[in-house]
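Letter by letter, the chains look like this.
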Amino acid sequence: MPKPFINLFLCDKSSSKGPKIDKGNPLRYYEWIEKNLERGVIQILDHSKFRDINEIGRGGHGVVFSAEYCGENIVFKELKNNKIRTIVNELKQHVTVNNSENVIRFLGITIGKN
């Protein structure tokens, strides 16, 4: 399951005497992801369970696909620019509007292609 990989990746960011996380430090983005995974705000989806994947569009930040995931039709975006800041900003936007009936519901993230 991807979660231990994420935790290992995120936890290997500094020692106990490491730098203070400030606004200019990219490690704060990893902390944001880790905190929201722990809270259950963000879920990890198993990419190996995606079926019938079809590209449906391309944009400035990535490629959009449709797929079936655990019996549901979903849409997912594969980001071109995998800088952590870009990823977290995209996630924050989805989480902020996730309860709106006018926006497609955000299900979670996946780590790479299995």
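Small disclaimer: the values here were computed from a predicted structure and weren't measured.

(A) Just a nonpolar patch on the surface, in detail. Taken together, Ile 56, Val 75 and Ile 104 make up a surface patch of nonpolar side chains, about 310 Å² in accessible area. Looking at where Ile 104 falls in the secondary structure, it is placed in the segment after α3 (84-96). Taking relative accessible area as the criterion, Ile 104 reaches 65% and is therefore assigned exposed.

(B) Fine view of the UniProt feature "binding site: ATP" (unreviewed entry) in the protein chain. According to UniProt, the feature "binding site: ATP" (unreviewed entry) maps to Lys 77 in the numbering used here. Mapped onto the fold, Lys 77 is located in strand β3 (residues 72-79). Taking relative accessible area as the criterion, Lys 77 reaches 39% and is therefore assigned partly exposed. Excluding residues that lie within four positions of it along the chain, Lys 77 makes contacts with Val 63, Val 64 and Glu 90.

The rules behind these values
Residues numbered from 1 in each chain as written. Predicted model: local features only at pLDDT ≥ 70, side-chain atom pairs only at ≥ 80, totals over all residues. Heavy atoms only, no water. Patch = residues over 30% accessible without salt bridge, like charges linked within 9 Å, V, L, I, M, F, W, Y side chains within 5 Å. Areas by Shrake-Rupley, 256 points an atom, 1.4 Å probe, with all protein chains shown as cover. Salt bridge = Lys/Arg side-chain N within 4 Å of Asp/Glu carboxyl O. Helix = DSSP H or I, 4+ residues; strand = E, 2+ residues; numbered from the N terminus. Buried < 20%, exposed > 50% of the residue type's maximum accessible area, 1.4 Å probe, protein only. UniProt positions renumbered as here; feature names shortened; annotations may be inferred. Contact = heavy atoms within 4.5 Å.

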